[in-house]
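So the chains spell out like this:
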Amino acid sequence: MRSSKGSLPVYLQIVETVVRDVAAGRLIDGEKLPPERDMAKDLGIAVGTLRKTLAELESRGLLERIQGSGNYIRAINDPQSVYALFRLELIEGGGLPTAEVLSVHRETKDPTLPSFGTSPEGHRIRRLRRIGGKVAAIEEIWLDGSYVDSIVAEDLSESLYLYYRTQLNLWIAKAEDYIDLGHVPDWKPAAFRPAAGDPLPHVLRISHSHDGQKAEVSHTWYDHTIARYVSRLR
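Below you will find a few notes about this structure. (Residues numbered from 1 in each chain as written. Predicted model: local features only at pLDDT ≥ 70, side-chain atom pairs only at ≥ 80, totals over all residues. Heavy atoms only, no water.)

**A few points about the side chain of E139**
Part 1 of the reasoning: Mapped onto the fold, E139 is located in strand 6 (residues 134-144).
Part 2 of the reasoning: A relative accessible area of 7% places E139 in the buried class.
Part 3 of the reasoning: Looking at E139, its side chain comes within polar contact range of the side chain of R129, at 3.1 Å.
Part 4 of the reasoning: With residues near it in sequence (within four places) discarded, E139 still touches F86, I125, R126, R127, R129, W187, H219 and T220. (Helix = DSSP H or I, 4+ residues; strand = E, 2+ residues; numbered from the N terminus. Buried < 20%, exposed > 50% of the residue type's maximum accessible area, 1.4 Å probe, protein only. Polar contact = N/O pair within 3.5 Å; in protein donor to acceptor, adjacent residues only side chain to side chain. Contact = heavy atoms within 4.5 Å.)

This is the structure in structure tokens:
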């Protein structure tokens, strides 16, 4: 594993992968993890990085470390994931989400969008989404223009909600998702396998800030041969 500007640190990438694998049932409560050196070798990371990962999992309540016995998964309802509101996962379950920014522009809001925010302008962010390294979806996100004058693509985090929180002091508290059958837009990148115009599952999301305002609206088109939409009730 490696980390680049805008991506999560390697140890957090592993933590988030574990969180999603637990949610998907690929790791179960009480499951014993391999010995630390074996696990580090399998992940291609230093033992020190792995220990930082395990410490973070333990602090979130997802890991129990028993002296002389080993490390055990503990499934809990609230693992404090930065991807808590990301609903796509691989068909086989889990998978770490990553994002490639295609473009960022400030412009007049698309009149077909639901009403949101207070500014007539918004930041339109288009991204290619991979899950577990597989190209799974494309996104068009509109953030209300009142939160920041400009956004530089290089400054965006893999998790936009994390970027909003740490850079804009904007907390996304809840989201409404509306799922229907859409069509792949003509701006889709070559890496996204479905052709422009193809029918695909589509998610319209309206995201609300901590003060109750509608801060963001987004479109997601996902490849149903790669990913599925999952919402688990706890």
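Still to come is the rest of the account.
**A few points about unusual backbone geometry**
Negative phi values dominate among residues other than glycine, just as trans dominates among peptide bonds.
Part 1 of the reasoning: The phi torsion at N169 lies on the positive side, around 55°, for a residue other than glycine.
Part 2 of the reasoning: Examined against the element boundaries, N169 turns out to sit in the loop between helix 4 (160-167) and strand 7 (172-183).
Part 3 of the reasoning: Overall, N169 belongs to the exposed group, its relative accessible area being 58%.

**Thoughts on the packing of helix 2 (residues 36-43) against helix 3 (residues 47-59)**
Part 1 of the reasoning: Running from N to C, helix 2 and helix 3 point in directions that differ by 105°, and their axes come no closer than 9 Å. On the basis of the axis angle, helix 2 is roughly perpendicular to helix 3. Along its contact with helix 2, which presents E36, R37, M39, A40 and L43, the element helix 3 presents V47, L50, R51 and L54.
Part 2 of the reasoning: For the contact of helix 2 with helix 3, the class distribution of residues is six nonpolar, no polar and three charged. (Axes fitted to C-alpha atoms, helices over the stretch in contact; angles between N-to-C directions. Parallel < 35°, antiparallel > 145°, perpendicular 65-115°, else oblique. Nonpolar A, V, L, I, M, F, W, Y, C, P; charged D, E, K, R; others polar.)

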